[in-house]
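Each chain is listed here by its residues.
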Amino acid sequence: MSSIAPAEETPVVIVADAMVDGAGNDPVMSPTLTIVGGRITAITTGPRSQIPQNSRLIDRAGCTLVPGFIDAHLHLASIPDVARGSPSSAQADLHEHLAGILRAQGSLVGGVTTIRDCGGPGLFNVNLRDAQVANLWVGPRILACGYPLTTTAGHAYFWGGRADDGQTLRRRVRWLFEHHVDFIKVMVTGGMSTPGSNPYGLQYTVDELRPAVNDAHRLGMRVAAHALCTEGVIVAAESGIDTIEHGWTITGRRQDFDHRVVGPVLESGATVSVTAHESLRSLLPSRPNGGNLAELRRRLAPHKALYDAGIPMIVSSDTIGDRDTRFSGFAESIEVFALGMEVRPAQAIAAATGHAARAVGILDQTGTLEVGKAADIAVVEGDVGHDLTALRRIKDVWRDGRQVVENGRIVQFPSIRI
């Protein structure tokens, strides 16, 4: 289902200077893309003589068409002040839900048409997703996991989901399935943002995790694992985890990396998500202070070692609530991936589109600009093949064949009867 009004049946034709398909291929020139009923029905290049009659023509000269971005790791909720305590109240809960909507809409304005919320309090992200499906607000489509699974006093324990053994993990997985989550998130190691948590220490063993992962797969859900050290990555891989989030810290602190992780991760088929939040964005050479490219590449060296070994890699933001990483700035995360991993612009875009769609299980729906796929499109001012910073200049965004952003403003509104 869509959170926006049904797409019109009148053909919409978008012409532009270039198009990047999201599969890693280099840009094609002079594309003409046709949308009918929310789907891409034709893509041609060259002369515009094939434009259907009675269609609505949108001329985007000077622009590049790219797939709507997929931010496969963020948090629409904020982190509570655990030192002071954050007592729950109806007013505070309403405030947080409204803030979550605005954060998601910030991502949409930044070209993101799909987000995977990797954990919040209770069923917070599930509620936001369901309200959007009910046409109560407009934003990117949401893949929601409910609360992340963690240990008592473990990383993000304040969001709920405590499970201290394998049996409890399996019960939590089944409970989340009953409440219609899209995937499972588990904290394999401790984390940086929870006082007293050890990012270099395991929270679960393979024997505890593997039955829970198997249960999730049996129920048709993928599993994402937070891991910040070599042992955590190995345990995640050997447990059958689908996506490994982070891998190692990128904040400049000690990185517990060992090349022996390559074999288990390759064998598992897991995808590793590079979470390029402000700690890495601040190092971009395009920043006013000139950044620090050498430091950026040093911090991403463990990820590049895995990438060079053939391990699938995607890019995400790990934006959290009211922290300093901007939801609307996802283009900078793609730029981080391109420069830090030393790949072509088209490959970096694929890490945030087609490859990300495959990793989270929606490649049959979106992620690439292909006939038959949902018309999730970002129109970018400039030539991204030669200047990746052009991705920051989002002119239009289309989701499921409806224009939801024009000139940086949301233009589509909920279609409900009052």
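Everything that follows concerns the structure shown earlier in this document.
Counting of residues starts from 1 at the beginning of each chain's written sequence and follows it residue by residue. Since the coordinates come from a predicted model, pLDDT governs what is reported: local features require at least 70, and pairs of side-chain atoms require 80 or more to be given and counted, while whole-chain, interface and lining totals use all residues. Processing note: side-chain calculations cover all non-hydrogen atoms of the structure and skip hydrogens and water entirely.

Things to note about the side chain of His97
With respect to the element layout, His97 can be found in helix 1 (residues 90-109). Buried residues are those whose accessible area, probed at 1.4 Å on protein chains only, stays under 20% of the maximum for their type, while exposed residues exceed 50% and partly exposed ones sit between those limits. The exposure class assigned to His97 is buried, which follows from its relative accessible area of 16%. Nitrogen and oxygen atoms within 3.5 Å of one another constitute a polar contact, given that in protein one can donate a hydrogen and the other can accept it, and given that sequence-neighbouring residues count only through two side-chain atoms. Side-chain polar atoms of His97 contact the backbone oxygen of Asp93, separated by 2.9 Å. By definition, residues are in contact when any of their heavy atoms lie within 4.5 Å. Those residues within four positions of His97 in sequence are excluded, and the remaining contacts are Phe124, Asn127 and Leu128. Helix and strand definitions here come from DSSP, where helices need a minimum of 4 consecutive H or I residues and strands a minimum of 2 consecutive E residues; each element is numbered from the N-terminal end.

Considering the pattern of salt bridges
Definition used for salt bridges: Asp or Glu carboxyl oxygen within 4 Å of a side-chain nitrogen of Lys or Arg. With the rule as written, the count across this model stands at 24 salt bridges. For Arg129, the salt bridge goes to Asp130, with nearest N and O atoms at 2.9 Å. Linking Asp182 and Arg129 is a salt bridge whose minimum nitrogen-to-oxygen distance equals 2.9 Å. Highlighted residues: Asp182 in the loop between helix 3 (166-178) and strand 9 (183-187) and Arg129 in helix 2 (residues 124-133), separated in sequence by 53 residues. By relative accessible area, which is 31% here, Asp182 ends up partly exposed. Among the residues examined, Arg129 registers a relative accessible area of 10% and is labelled buried. The network of salt bridges with shared partners includes Glu278, Arg287, Arg326, Glu332, Glu335 and Arg392.

Details of the environment of Thr189
Among the secondary structure elements, Thr189 is positioned in the loop between strand 9 and helix 4 (206-218). You can call Thr189 buried: its relative accessible area is 0%. Sequence separation between Thr189 and Gly106 is 83 residues, and the spatial gap between their C-alpha atoms is 30 Å. Leaving out residues up to four positions away in the same chain, Thr189 has contacts with His155, Asn198, Pro199, Gly201, Leu202, Gln203, His226, Ala227, Leu228, Cys229 and Gly232. A polar contact is formed between the side chain of Thr189 and the backbone nitrogen of Leu228, at a distance of 3.2 Å.

A word on helix 10 (residues 330-340)
Each α-helix turn comprises 3.6 residues. Residues three or four places apart therefore point the same way. Burial analysis of helix 10 places 10 of its 11 residues in the buried class, which makes it a mostly covered element. Inspection of helix 10 places Phe330, Ala331, Glu332, Ser333, Ile334, Glu335, Val336, Phe337, Ala338 and Gly340 among the buried residues, and these make up the whole buried set. In the segment just after helix 10, Glu342 is the residue with positive phi, at about 55 degrees.

What about the nonpolar core?
Among the nonpolar cores identified, the biggest contains 94 residues, and Val186, Ile334 and Leu391 are the most heavily contacted of them. Element by element, the count of residues in this core is highest for helix 10, at 6 residues. If we ignore the near neighbours within four places in the chain, the residues touching Val186 are Leu149, Leu169, Tyr204, Leu209, Val223, Ala224, Ala225, His226 and Ile241. Throughout, nonpolar core names a set of buried Ala, Val, Leu, Ile, Met, Phe, Trp, Tyr and Cys residues whose side chains join them through atoms within 4.5 Å. Met19, Leu369, Ala375 and Val379 belong to the second-largest nonpolar core, a separate cluster that totals 15 residues.

Brief notes about the packing of helix 1 against helix 2
Packed helix pairs are characterised by how far apart their axes lie and by the angle those axes make with each other. Where helix 1 contacts helix 2, the two axes come as close as 11 Å, and the packing angle between them is 60 degrees. In terms of their interaxial angle, helix 1 and helix 2 are classed as oblique. Considering how the two elements wind past one another, helix 1 and helix 2 form a crossing that is right-handed. Here Glu96, His97, Gly100 and Ile101 of helix 1 come into contact with helix 2, specifically with Phe124, Asn127 and Leu128. Ten residue types, Ala, Val, Leu, Ile, Met, Phe, Trp, Tyr, Cys and Pro, are classed as nonpolar, four, Asp, Glu, Lys and Arg, as charged, and the remainder, Gly among them, as polar. Taken together, the residues of the contact of helix 1 with helix 2 break down into 3 nonpolar, 3 polar and 1 charged. Note on geometry: axes are lines fitted to C-alpha atoms, helical ones only across the stretch in contact, with angles between N-to-C directions running from 0 to 180 degrees. Angle categories are assigned with fixed cut-offs, so that under 35 degrees is roughly parallel, over 145 is roughly antiparallel, 65 to 115 is roughly perpendicular, and the rest are oblique. Note: crossing handedness is left-handed where the near helix turns anticlockwise from the far helix by less than a right angle, and right-handed where it turns clockwise.

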